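What follows is the residue order along each chain.
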Amino acid sequence: MNFKPVLLWSDALILLLLAAAAAGVWLLRHNETFRAPLRQVLASRMGSATALILAVYVGIGLLDSLHYVERLPDEPGREAQYSGEVKSVLDKLLAPLRENVEKTYSAPFATHLYAKETMIGPDGRELRDYPRLKHGGAHLADPDTEFWPDVLKRGGLGVLGGMVCWVLLVFSLWQRGRSHGALAWTLLCILVVSGLLVALAPHYHVLGTDKVGQDVLYLSLKSVRTGLLIGTLTTLVVLPLAIGLGIAAGYFGGFVDDVIQYLYTTLNSIPGVLLIAAAVLVVQVQIEAHPELFDTSAARADMRLLALCGILGLTGWTGLARLLRAETLKLRELEFVQAARAFGVSRTRILARHLLPNVMHLVLITVVIDFSGLVLAEAVLSYVGVGVDPAMISFGNMINGARLELAREPVVWWQLAAAFLFMFVLVLAANLFADQVRDALDPKAKGRA
Amino acid sequence: MLNYIVRRLLYAIPILLGVNLLTFALFFMVNTPEDMARIHLGAKHVTPEAIEGWKREHGYDKPLFFNAAAEGAAKVSDTLFVEKSLKLFVLDFGPADDGRDIAREIKTRMWPSLAIALPTFLVGLLAYISFALLLVFFRGTRLDTAGVILCVALMSISGLFYVIAGQYLMGKLWHWFPISGYQPGLDAWKFLLMPVLVSLAAGIGDSARFYRALFIEEIGKDYVRTARAKGLSELRVLFRHVLGNAMIPILTGVVVVIPRLFLGSLIIESFFGIPGLGSYTIDAIQAQDFAIVRSMVFLGSLLYIIGLVLTDISYTLVDPRVRLE
Amino acid sequence: MAKMAFAILAACVLTACSQPVNSPYPAAEAGKSVLYSAFGERPKHLDPARSYSENEYVFLGNIYEPPLQYHYLKRPYVLEPQTAAVMPTVRYFDAAGRELPADADSAAIALSEYEIRIKPGIRYQPHPCFARDAAGKPRYIPMRPEELADIDHFQDFSETGSRELTADDYVYQIRRLAHPRVQSPILGLMSDYIVGLKDLAKALAEAAKAQSKEDYLDINAFDFEGAYVVDRYTYRVRIKGKYPQFVYWLAMPFFAPVPEEAERFYRQPGMAAKNFSLDWQPVGTGAYYLAENEPNRVMRLQRNPHYREDFYPAEGAPGDREAGLLADAGQRLPMVDTVVYSLEKEDVPYWNKFLQGYYDASGITSDSFDQAIRMNADGEPDLTPDMRERGIQLATAARPTLSYMGFNMLDPVVGGLSEPARKLRQALSIAIDYEEFISIFLNGRGLLGQGPIPPGIFGHREGVAGINPVVFRVDCGTGVSPPLAKGGRGGSATTAVAQAALKSPPTPLYERGESRAAGDCAKFKRRPLEEAKKLLAEAGYPNGRDARTGQHLTLYFDTAASGPEAKSRMDWFRKQFAKLDIQLVVRATDYNRFQDKMRKGSAQIFEWGWNADYPDPENFLFLLYGPHRKVGTGGENAANYQNPEFDRLFERMKDMDNGPERQAVIDQMVHIAREDAPWIFAFHPKSFGLRHGWVKNVKPNLMSHNLLKYRRVDPAARAAYQAKWNRPALWPLAVTAALLAGMIWPAVAAYRRRQKATANA
């Protein structure tokens, strides 16, 4: 093998999350209360289209979560050695984007740098002009005349490729009778865009380059994982706390209820950013205290990301817990719970078999709704300076960097625009999907427009 | 009722104590008093004697929670925690680590914060509710669908974009307002308008959608149908019945934040250079000025608790059936 | 909301405001002789004994007057009397108290005595601490608590007074350095030099502990031999041994006068709680006084009505007359009435407001650089046409500052004076391409570092004579073998040379090559990467892998920097190390943790910088002096570098007077530092200042802080430009209005339909 897989902590947790999700689906596969609404979500136009978009994002995130280190060239008489640089499968797929680093800013589809430089002209004299990019459009001999034909040719091929794939896919799905309009159109959009990118991105910087010449498309795609992780891993912390404490408070009442209420009122009363800032600092100190555990940049950034998720989770469970407490208070008095109690069913069994399934819809709704909020929160926290590791590629860090670029003249807009676009599509899809889930699961929402 | 309020406020004491304990523990996990001394003494030529001197001068030369050297009750009372946190309960914030009086600072900075937060809150409430009512009025039509889609789109944009774009367009390109800064008195309006507009725009998606959902739920109820059947006009139904009955859920979300308006907005204030409590807090985090952070956390918690009590009181005002006991 | 905005805008346009609608200043100020500037961070201290940072000196330098100042125009920087009547005189004494001649051997000198005579008739700014009642007694000292209770703002002290400056005030301030409640940052340093300061500090600390916090501590009541008054206008300072750099300290606010009345006034109970303290409301003799101190928003300096007779200099450096800097020669200073500093934390709004004409001067950030500056045909920075059209002027100056990348010499991998470690550091010195760094991150606003001493400071060598042969070689572009490559460096030859250099007084490396070549050709080039790779292999890491274990070499970079700018810088560093196949792990942390690591010596590679306190090479070379190392002693030698030969030379150099002999010693020291490479000499930043055409008499002076008094401003021109540059755009309002109108129609239509539907139902 010329590579060795690396399992970062966040990767492990993602796998755990996937496994949990799969197990949940497996357990609930016969449960009509969940099957029907979910089928309803996926059958709706909005639901299926947004689910597809989210699936694409998740796919990118998953590809970016398969990490490995490359094996170094062997030296005789030595054990195999591996590089210290952790890469992901996505990095490998995007190798041309990752490696085509320019010197500094260049605009989308540019063939020249964005700033003038002193160069030695063909006649040996110094002149100041925009230098050609090392990679973007480097295959063109004369960009002035060849640029448009080349872009159109490649772009056309890309679009064509995307459409062919679409036709094949739709055709095969059709045969299985599982397609409808909105899904097909969304798929067409996705495939055409990917076709264009596949055809153009290796030869041009489709979204330009940033201050140190990294491809902005690459940065945007890498940010997807960070955003998704913040949105999903946080729930790993939130769920046990909120479900456990919320139901316990509601069911047992009395002293337990008092303690739990005290806990979440206290947590709630502290302004969130202050709490997060303090906790992030603590984690950073811990990382500094144990440098031997985090020997690569990836591991350090990863730990900080996890810590951030943990902290967001610790501060974020109160809302759901309150909801569950209220719901449990109601359920506790219902006949079937009373009956179970009268029959001497054990407490754990009542909690697990009677109460938990009946609040699950609330949990699911809250999780999907909170997801988009968390993705947005990451950006704000990075602005305050308590977000993910500054070395980590994330939407927040991109926006933060782009803030300064707006002061430039001529303005450098593409990093901000790219972050905006990728984030907007993700959050919009998540919001719309969450709406569908809520409409399908929430009995109260039935009948709403 | 008075009884209830007193009880609730007493209940606040353990919460505030918990808050203090938490901030102390978190803060001193990160900063030793020595670190704080170094930050405040600057980077050049700092000697251990100077650090000791600073700690003594600012009262950080005592143990954190337990003073083994002291006698009897002083073992617990002669400590940093007791010294620094008990005074908070009588709102004596003491001086910040840079020597400036915190209470005085809060008193002056509260007004700019309030000058932004209050108009944002009031105009926002009015605008969001009217917008939501408008959507509800046109429910089922294309206007409603377009409005909802607009809301979802608006709420899918990170708040930072609104601030960045607002400052860029209104401040830099169109020369409408000073780009940043603040003047007290009558001149304040031109500094406040842009942040207020930006915060309004940033909030509209989320809030309008929320209120619309509330109203739609209310409008499906029987009494509304009855009212309509009696021949009341649509507008009357909306304003009288729907809005009136949606008041409780609206108040739940709204009243709790009113006291916190004093604390201002962290991002807006630091972006637009408003010298309010929000930017004070951010600066304190960055300068690691514990005295300020501690005071702001305490104040935040206190205001939150006041907000909870106010919420309960407001219920009795809008709905005579609710009684506090 | 849009409608409201429109209404307000329209109202303002119609009534023809005297200033543009987006002006951040009160209308009453328009057209006055005011200078507008900004501060980025609220000053922490305004007590001259305590303040030690650039952003505080901006204010303090114009309020307090130490006895000496730097000449405004002359370069290199020269000291001249400020409040002093003449330059200080010094006398030397041996251990037995006998006076020694001026050229005595520094080892024999046990005591130096500086005598400073100040000009008579200088008066303090108006201040309540000087106010006297009809009976001639101090008005506010002592003050009854109920009287203080009525006073909320400093302006509420209705009566003020002034008095003449005396030598007592200077001596009092020197005593204040030891005051336990002042916590002067230079107490530790000055205790080593000023006679008896340490004992005074100890006695005062004990006295302070014995009394209650409220009580007044009379520092004049304690014995102190270090400074004393001779007559009303003369005082003397006694220094242990010889310390020629002391005169530079006499130009810093630490040695400015403070009247005892001020301490007595401010130390009264209840004052501190109202923010009335010397740390907050200064009392000085300078050209300006602090009239408004609201660091959340604005700091306002006002002309001191009692300011002494002071005139604009009549002579300057060559070229100053042509630049119009002598047009105001002989004019009474200060020339501007008010200086307003607004709080502006971020660069972007600052820059935008500068372009709108609301700030009179601005620096250039890397993001605004392309807009403002372009390089002309000679590679010199010049303003862009856009800036020229706005009448903006550019002034550049090399900063007496060094930025470097340091290696922790205690680190087992990169540290130590062993041969492999030294080669590793040299390899990295070559590989990290600071030319590119300067061009990307500083837009060329930096001078490549060649050694520890920045330009403009004695000991710095210009041009090819000053290049660092470890990293660069002379390159004439003719393909001729460069003279330095032969004996200069590479492999064991270097060490032999270096060791020989240590034994006998060496000729500096660059003089050993043919000096003719150096004269003929003024270009040099970074050594090729291959040389770095070779050095790396010799250091035991061929291809970036440990020759013993085969593992990848991983190095750690410690930094407290955060934010987007830092991120791209770290990315760039990673790229540089990767050129040698070395993995760089960035350990970003907060400032405290970083400082802690530096103190404990657990950092590996770090960025660091040093700003000159005074223009003397001692102030830079001491950063590499072994006994000043950070770990253990808490000194400023952040790299913990310790080379006995270097230390020996340093001790000799520091007491020498500037001259060829001193230059020779410095050359040797620089040579050792380059060979050992405990630092990568990164760059000396260049200061680029922009200002609008309506501000006159601006010449960058990076040592002085009392610059405001020289400025002149043309308010009428400013008002005209501001009006021109800030016309509000009204079309977006029209568009919004049109959009709203466009939405009304479908709404009305839908309403009609609804009405019909309900009617039918």
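1. Here's the deal with the overall build of chain B
Now for step 1: Per the secondary structure count, chain B includes 15 helices and zero strands.
Now for step 2: C-alpha atoms of chain B, sized along the principal axes, occupy 85 × 55 × 35 Å.
Now for step 3: A burial count over chain B gives 58% of its 325 residues as buried.
Now for step 4: The contacts of chain B with a sequence gap of at least 6 include a subset with a gap of at least 24, amounting to 69%.
Now for step 5: Of the roughly 13,600 Å² that chain B leaves accessible, carbon and sulfur atoms contribute 68%.
Now for step 6: Of the side chains in chain B, 30 bear a positive and 27 a negative charge, and the two mean positions are spaced by 10 Å.

2. Overview of the sheet that holds strand β9 (residues 288–294) of chain C
Hydrogen bonds between backbone groups are what pair the strands of a sheet, and the pairing can be parallel or antiparallel.
Residue and element names in this part refer to chain C.
Now for step 1: The sheet built from four strands is open, its strands ordered β1-β11-β10-β9 with mixed pairing. Looking at the sheet topology across the chains shown, the edges are occupied by β1 (34–39) and β9. Direction aside, the axes of adjacent strands within the sheet are offset by 20° on average.

3. Points about the sheet that holds strand β1 (residues 3–6) of chain A
Residue and element names in this part refer to chain A.
Now for step 1: The antiparallel open sheet is built from three strands, whose spatial order is β1-β2-β3. The open sheet is flanked by β1 and β3 (82–88), the only strands paired with a single partner. Taking the axes of each pair of neighbouring strands and ignoring which way they run, one obtains an average angle of 30° across the sheet.
Now for step 2: As paired strands, strand β2 (residues 67–71) and β3 are joined by four bridges and run antiparallel to one another. Across the sheet, H67 pairs through a bridge with S88, a residue of β3.

4. Some details on the interface of chain B and chain A
Now for step 1: Taken together, the contacts link 41 residues of chain B with 42 residues of chain A.
Now for step 2: A buried area of about 3,800 Å², summed over both sides, lies between chain B and chain A, and 74% of it is on carbon and sulfur atoms.
Now for step 3: With a shortest N-O distance of 2.5 Å, A:D435 and B:R209 are connected by a salt bridge.
Now for step 4: If you look at where chain B meets chain A, you find six residue pairs in polar contact (both at pLDDT 80 or more).
Now for step 5: Of all the elements in the fold, those that place two or more residues in the side of chain B that touches chain A are α1 (2–30), α7 (142–155), α8 (159–173), α9 (189–219), α13 (266–272), α14 (277–287) and α15 (290–318) of chain B.

5. Topic: the pattern of salt bridges
Residues and elements named next belong to chain C.
Now for step 1: Across all of its chains, the model carries 73 salt bridges over all chains by this definition.
Now for step 2: One salt bridge connects R176 with D47, and the closest N-O pair in it is separated by 2.6 Å. Linking R176 in helix α4 (residues 167–176) with D47 in the loop between β1 and α2 (54–63), this pair joins segments that are 129 residues apart in sequence. In terms of burial, R176 and D47 fall into one category: buried.
Now for step 3: In this structure, E315 and K74 form a salt bridge, with 3.8 Å as the shortest nitrogen-oxygen distance. With a gap of 241 residues between them, E315 in the loop between β10 (298–303) and β11 (338–343) and K74 in the loop between β2 (68–70) and β3 (79–81) connect regions that are remote in the sequence.
Now for step 4: In the salt-bridge network here, residues are joined through shared partners; they are R91, E99, E113, E115, R236 and R238.

6. With respect to the interface of chain C and chain B
Now for step 1: Contact residues are listed per partner, giving 67 residues for chain C and 58 residues for chain B.
Now for step 2: Summed over both partners, the interface of chain C with chain B buries about 5,600 Å², with 52% contributed by carbon and sulfur atoms.
Now for step 3: For the pair chain C and chain B, the number of links is three salt bridges.
Now for step 4: Two residues, C:K345 and B:D283, come together in a salt bridge whose shortest N-O distance is 3.1 Å.
Now for step 5: For the side of chain C that touches chain B, the secondary-structure elements that each account for two or more residues are α1 (2–14), α5 (187–191), α9 (347–355), α20 (591–600), β22 (605–611) and α26 (731–760) of chain C.

7. What to know about the packing of α7(B) against α9(B)
Residues and elements named next belong to chain B.
Now for step 1: Remark: α7 packs on α9, axes separated minimally by 7 Å, with the N-to-C direction vectors making an angle of 135°. In terms of axis orientation, α7 runs oblique to α9. Seen from above, α7 lies across α9 with left-handed handedness. Only I204, G205, D206, A208, R209 and R212 of α9 make contact with α7, whose side of the interface consists of D144, V148, C151, V152, L154 and M155.
Now for step 2: Across the contact of α7 with α9, the residue classes tally to seven nonpolar, one polar and four charged.

8. Focus: the nonpolar core
Now for step 1: A:I399, B:Y211 and B:F215 are the most contacted members of the largest nonpolar core, which has 169 residues in total.
Now for step 2: The element best represented in this core is helix α15 (residues 414–441) of chain A, accounting for 16 residues.
Now for step 3: Aside from chain neighbours lying at most four places away, what touches A:I399 is A:A379, A:L416, A:A419, A:M423, B:L160, B:F161 and B:I164.
Now for step 4: C:F59, C:M271, C:A287 and C:V339 belong to the second largest nonpolar core, which has 95 residues in total.

9. Things to note about the confidence of the model for chain B
Now for step 1: Per-residue confidence for chain B averages 83 on the pLDDT scale, and 97% of its residues sit at or above 70.
Now for step 2: Two summary scores accompany this predicted model of the complex, namely pTM at 0.83 and ipTM at 0.83.

10. Here we look at the packing of aromatic side chains
Now for step 1: Going through the model one piece at a time under the given rule, you end up with 67 aromatic pairs over all chains.
Now for step 2: A centroid spacing of 4.9 Å and a plane angle of 85° characterise the contact between A:F420 and B:F161, whose relative ring orientation is edge-to-face. With A:F420 in helix α15 and B:F161 in helix α8, this pair bridges two chains.
Now for step 3: The buried category is assigned to B:F161, whose relative accessible area is 7%.
Now for step 4: Consider the rings of B:F24 and B:F81, whose centres lie 5.0 Å apart with planes at 85°: the pair is edge-to-face.

Conventions and cut-offs
- Here the residue numbers are simple positions, counted from 1 along each chain's written sequence.
- Each chain gets a letter, beginning with A, and each ligand a number, beginning with 1, in the order they are written.
- In keeping with the predicted nature of the model, local features appear solely for residues at pLDDT of at least 70, side-chain atom pairs appear and are counted solely at 80 or more, and the whole-chain, interface and lining totals rest on all residues.
- Each side-chain value is derived from all of the structure's non-hydrogen atoms; neither hydrogens nor water enter the calculation.
- Elements are defined by DSSP. Helices are runs of H or I of four residues or more, strands are runs of E of two residues or more, and each kind is numbered from the N terminus.
- The cut-offs for exposure are 20% and 50% of the maximum accessible area for each residue type, with area from a 1.4 Å probe on protein chains only; residues under the lower value are buried, those over the upper are exposed, and the others partly exposed.
- Contacts: residue pairs with any heavy atoms within 4.5 Å of one another.
- Methods summary: accessible areas were calculated by the Shrake-Rupley approach with a probe of 1.4 Å, and residue burial reflects only the protein chains presented.
- Positive charges come from Lys and Arg, negative ones from Asp and Glu, while His and the chain ends are left out of the count.
- We put the charge of a Lys on NZ, of an Arg on CZ, of an Asp on CG and of a Glu on CD.
- Two strands make a pair as long as DSSP finds a minimum of two bridges between them.
- To obtain each axis, a line is fitted to C-alpha atoms, and for helices this fit is confined to the stretch in contact; angles are then taken between N-to-C directions over 0 to 180 degrees.
- When two components associate, each loses some accessible surface as probed by a 1.4 Å sphere; the sum of these losses over both components is called the buried area.
- Salt bridge criterion: a side-chain nitrogen from Lys or Arg within 4 Å of a carboxyl oxygen from Asp or Glu.
- Two N or O atoms form a polar contact when they lie within 3.5 Å of each other; inside protein one atom must be a possible hydrogen donor and the other a possible acceptor, and for residues adjacent in sequence the pair counts only when both atoms belong to side chains.
- Between 65 and 115 degrees an angle is taken as roughly perpendicular, under 35 as roughly parallel, over 145 as roughly antiparallel, and anywhere else as oblique.
- Crossing handedness is read from the near helix: turned anticlockwise from the far helix by less than a right angle, it gives a left-handed crossing, and turned clockwise, a right-handed one.
- Ten residues, namely Ala, Val, Leu, Ile, Met, Phe, Trp, Tyr, Cys and Pro, are considered nonpolar, four, namely Asp, Glu, Lys and Arg, are considered charged, and the remaining ones, Gly among them, are considered polar.
- By nonpolar core is meant a set of buried Ala, Val, Leu, Ile, Met, Phe, Trp, Tyr and Cys residues that side-chain atoms within 4.5 Å join together.
- Looking at any residue, its pLDDT shows the predictor's confidence there, from 0 to 100.
- Working definition: a ring pair exists when centres of Phe, Tyr or Trp rings (six-membered ring for Trp) sit within 6.5 Å. Plane angles under 30 degrees give stacked, over 60 give edge-to-face, the rest tilted.

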